Amino acid sequence: MSEDTPDTPPVETDGTMPGPALGRRALMIGAVGASAVISIRPALAQTAASISNCQIPVPDPARAGQYIAPDGKLVPAGTQGAFPPAGRPFKGEEVKRALNGGTLPGTDYQRSKAYTNYIRRLQQGTSGFTCFASLQMPRA
């Protein structure tokens with residue numbers, strides 16, 4: 001077995017690695033670190049794309065037919081002052097804009113506020129929760 005074999009670098013009697021082996025090891029570690037940085041960027045881009053394409057139904061399909069009160073709670077259909085369900089799910093990007101002071105598409109200010117209040121109240125296991133939770137994650 002030669003000294004240049006990278007499988008088991010030679011070790012000095014005091015337990016330290018000699019210079020050339022240490023240099024090779026540092027280069028290998030640097031290469032691994034660089035590949036990790038390169039692979040993280042596409043993952044962040046993919047996450048941003050999935051956030052803008054995810055959907056939040058208002059209300060979720062299990063509660064379809066219920067109305068949304070101004071405070072975001074679900075109430076029986078026809079409840080005075082409450083709003084009928086949205087005609088379509090909202091995309092993550094639309095919800096993000098509404099949560100930052102805009103209005104949801106196809107709604108007036110009051111209906112948008114009721115719908116965003118409903119979205120803020122989403123619980124784990126409810127359709128749209130994962131999308132909403134991803135909107136709350138800070139972006140680098």
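Quick note: structure is the one above.
Residues numbered from 1 in each chain as written. Predicted model: local features only at pLDDT ≥ 70, side-chain atom pairs only at ≥ 80, totals over all residues. Heavy atoms only, no water.

### Quick notes on the packing of aromatic side chains
Using the criterion set out here, one finds 1 aromatic pair in the structure. Judged by centre distance (5.9 Å) and plane angle (45°), the rings of Phe90 and Tyr115 are tilted. Of the two residues, Phe90 is situated in strand β4 (residues 90-91) and Tyr115 in helix α3 (residues 109-120); the sequence distance between them amounts to 25 residues. Exposure class is identical for Phe90 and Tyr115. Each is buried. (Phe/Tyr/Trp six-rings, centres within 6.5 Å; stacked < 30°, edge-to-face > 60°. Helix = DSSP H or I, 4+ residues; strand = E, 2+ residues; numbered from the N terminus. Buried < 20%, exposed > 50% of the residue type's maximum accessible area, 1.4 Å probe, protein only.)

### Considering the pattern of salt bridges
Here the structure, examined in full by the defined rule, presents 2 salt bridges. Arg63 is paired through a salt bridge with Asp60; the nearest N and O atoms lie 2.9 Å apart. The class of Arg63 is partly exposed, set by a relative accessible area of 36%. Residue class for Asp60 comes out buried when judged on its relative accessible area of 5%. In this structure, Arg88 engages Glu94 in a salt bridge whose closest nitrogen and oxygen atoms are separated by 3.0 Å. (Salt bridge = Lys/Arg side-chain N within 4 Å of Asp/Glu carboxyl O.)

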